[in-house]
Amino acid sequence: GLRRGASTVAMASRAAKLAVLALALALVAMPARAFYLPGVAPQDFAPDDLVNFKVNSLTSDKTALPVEYYKLPFCQPPRIRSSAENLGEVLRGDRIFNSLYQMQTKLDETCKVVCRGAPLTKAQAQMLKKFIDDEYRVNMILDNLPAAVRVDYFDEDSETHKSLYERGFPVGFKDDESQIAGSAVPGALEKKFVKAASWFASKGVKGGSKSFGKKKRLDDGTFFVNNHLRFTVLLHSDVDAKSSRIVGFEVAPVSVRHDFNGAWNELDPKLSSCSALNHPSVVFEDSGKTKPRDPKTVPPQKVEEGASIVFTYDVAFRESPVKWASRWDVYLQMADGKGVHWFSVVNSCLVVLFLSAMVAMILVRLLKRDISKYNALETIEEAQEESGWKLVHGDVFRAPAHATSLALLVGTGTQLLFMTFVVMVFAVLGFLSPANRGGLMTAALTLFAVAGFFNGYFSARVMKLFASNGAEWKQNATRAAFFSPGVAFAVFFLLNLLCWEERSAGAAPFTALLSICALWFLVNVPLVFLGAYVGQARAAPELPVRTNKIPRRVPPQPWYMRGSFTALAGGVLPFAAVFIELFFILSSMWHHQVYYVFGILFLVLCIALVTCAEVAIVLCYFQLCSEDYEWWWRACLNSGSSALYVFMYSAWYFFANLEISRAIPSIMYFAYMALVSAGFAAVTASVGFLACFAFCRAIYGSVKID
């Protein structure tokens with residue numbers, strides 16, 4: 001029997017080995033499939049491969065309202081196809097379409113005709129002038145790279161010539177001699193980068209070609225459209241594979257009034273303005289550099305009623321040592337400011353070290369002394385003669401006014417905190433590449449819906465402090481699921497109506513609104529109720545002291561301990577920890593710059609949260625020492641008031657760094673910044689509340705209470 005059992009075990013062992021071997025062979029034989037992170041999959045191009053250009057929405061820093069490319073009288077393909085978009089792209093206003101622009105890899109082409117537009121109507125001419133006056137920029141895409149204008153400037157600090165890149169190119173220009181001469185970059189933009197000695201100015205704050213000086217009326221002056229584009233495509237070639245990868249996409253716009261001989265031939269147009277001796281783009285000097293053509297030789301294309309604009313382009317290829325993995329570096333250097341970012345970190349660290357020293361002094365010295373003194377009291381008479389935070393032990397955990405609103409605030413703050421933390425982790429790990437347009441916003445919306453569990457859980461736990469039976473957990477969960485998302489959605493919907501009125505590409509379509517509602521009702525709401533159920537099912541948090549039936553009278557407080565003063569003072573330090581980085585975030589939001597230093601932002605965020613907790617603890621200790629036990633809302637306000645400074649800073653940024661003058665974009669700016677500030681207030685307030693609650697439980701659990 002033993003031999004038969006051993007034989008059976010041996011056969012089973014051999015069968016298992018054969019099964020594993022067969023499975024391995026099957027896996028090897030199966031076609032392997034791999035996946036790439038968004039924006040990370042390279043594409044190889046063989047010589048003469050046909051590559052199509054795409055067009056994105058037109059953007060302007062003066063209006064902050066993106067507009068679809070084909071709203072203007074540009075050349076249109078027979079069938080306009082929209083590229084696949086995620087929810088974040090739609091909400092950002094990206095509308096990517098195919099175009100008539102195309103090229104063959106490594107084949108230089110000159111004055112290739114796109115189309116000859118129909119004569120401009122009066123309405124089209126006025127619209128084109130309006131877009132030029134509002135400084136709209138055309139955004140094109142090649143192999144997922146945005147077109148950029150290269151700006152050469154002289155850096156006075158290093159005394160060297162440098163280059164920066166400006167995304168997109170102007171639709172046209174207005175009465176500017178430097179642009180009439182064929183310059184690809186407006187003179188104002190060059191002036192902006194010359195000011196790079198100032199670290200704020202060197203960050204590309206203006207984000208585009210700004211109009212310096214007095215603003216003119218639309219009817220004043222002459223408008224010209226950039227109808228000729230010179231594309232320079234940078235390639236990194238693999239000699240062995242005989243293929244290339246696109247690592248750069250530069251564009252130089254020019255305005256030229258094209259002439260042609262005889263009648264216009266759509267199949268084989270002959271332009272006399274594109275001869276070898278009279279090219280519209282540039283001429284080469286003996287030094288190898290380029291200079292603009294003389295406007296007398298190549299007159300610009302004027303925008304006027306009845307004008308038939310001929311659109312042309314050049315394609316030139318140039319080998320580049322830049323590898324494919326580093327091709328986004330030039331876009332990230334548009335707002336170069338590494339030194340300033342590190343200065344922001346050092347500034348935040350100094351703030352948190354200062355606060356940490358104060359907290360350490362309170363916890364190690366003052367609290368240790370207080371606890372030892374309170375525990376050494378032997379008689380009731382001695383205890384009654386004492387003053388300080390121990391005397392309010394019977395009221396310190398008394399339910400505050402508007403407890404349901406407090407629970408709602410803490411729940412919303414923890415939901416936003418979880419969303420922000422996870423988004424930052426994904427961004428630091430490189431999952432949210434700038435090549436994945438809209439990825440950051442899509443991830444934020446999805447994680448916000450998933451984080452509804454924490455909203456329901458923490459709001460239920462706070463309510464459990466004041467109603468241990470948990471009878472109102474369903475009403476509390478309903479408020480948590482619908483109040484904050486409802487307010488945000490209502491504001492977004494109203495602003496979206498304004499975008500619809502302006503016919504902006506930034507207006508979210510009905511399908512996008514349905515997607516947001518699906519995330520809200522099908523993901524967020526059930527998870528909020530699940531979190532609330534889990535939170536109310538657990539036992540109420542254990543408190544170290546009992547609450548007296550009769551509330552203690554709060555003595556009159558000095559002016560510097562009143563709630564309004566401590567709130568305004570407490571918000572300064574958390575704001576000081578983030579205000580430098582906030583400048584770059586606002587530039588990224590409203591100047592269409594790429595924000596990429598998520599590692600530094602994550603570090604600054606952690607420092608700011610630690611600062612909020614320490615500020616709340618310090619002010620809570622002083623408040624309890626003044627025998628004021630109403631700390632619940634004060635803990636939220638002392639740290640959450642930093643959002644007031646954030647909103648005030650955004651208002652200063654609007655008047656100091658933006659050129660938005662129209663009513664609807666201004667309303668949108670302040671409405672969105674109010675939402676951002678409210679979210680920041682909820683996060684910092686919840687951190688301050690949780691820190692103070694843990695602090696009070698710790699100190700009152702360390703003393704002997706009769």
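Residues numbered from 1 in each chain as written. Predicted model: local features only at pLDDT ≥ 70, side-chain atom pairs only at ≥ 80, totals over all residues. Heavy atoms only, no water.

(A) Quick peek at helix α15 (residues 572-590). When the local axis directions of α15 are compared, the greatest deviation, roughly 50°, occurs at Phe 579. Those residues of α15 lying buried are Pro 574, Phe 575, Ala 577, Val 578, Ile 580, Glu 581, Leu 582, Phe 583, Phe 584, Leu 586, Ser 587 and Trp 590. His 592 sits one or two positions beyond α15 and adopts a positive phi of about 55°. (Bend = angle between axes of the 7 residues up to and from the residue. Helix = DSSP H or I, 4+ residues; strand = E, 2+ residues; numbered from the N terminus. Buried < 20%, exposed > 50% of the residue type's maximum accessible area, 1.4 Å probe, protein only.)

(B) Structural context of the side chain of Asp 94. Within the secondary structure, Asp 94 sits in the loop between α2 (87-92) and β2 (97-104). The class of Asp 94 is buried, set by a relative accessible area of 9%. A distance of 3.4 Å separates polar atoms of two side chains, one belonging to Asp 94 and the other to Asn 56. Apart from residues no more than four positions distant in its own chain, Asp 94 is found in contact with Asn 56, Ser 57, Glu 85, Glu 89 and Arg 437. (Polar contact = N/O pair within 3.5 Å; in protein donor to acceptor, adjacent residues only side chain to side chain. Contact = heavy atoms within 4.5 Å.)

(C) Geometry of the packing of helix α9 (residues 403-428) against helix α17 (residues 632-640). Following both chains from N to C, one finds α9 and α17 inclined at 35°, their axes separated by 11 Å at the closest point. Crossing handedness for the pair α9 and α17: left-handed. The segment α9 lies against α17, with Ser 405, Leu 406 and Leu 409 engaging Trp 632, Trp 633 and Cys 636. Classifying every residue of the contact of α9 with α17 by side-chain character gives 5 nonpolar, 1 polar and no charged. (Axes fitted to C-alpha atoms, helices over the stretch in contact; angles between N-to-C directions. Left-handed = near helix turned anticlockwise from the far one by under 90°. Nonpolar A, V, L, I, M, F, W, Y, C, P; charged D, E, K, R; others polar.)

(D) Structural detail: the pattern of salt bridges. Taken as a whole and judged by the stated rule, the model has 14 salt bridges. Here Arg 327 and Asp 143 are joined by a salt bridge, their closest N and O atoms 3.0 Å apart. In this pair, Arg 327 is assigned in the loop between β15 (310-319) and α6 (329-332) and Asp 143 in the loop between β4 (137-142) and β5 (145-146), connecting sequence segments 184 residues apart. A single burial state applies to Arg 327 and to Asp 143, both of which are buried. (Salt bridge = Lys/Arg side-chain N within 4 Å of Asp/Glu carboxyl O.)

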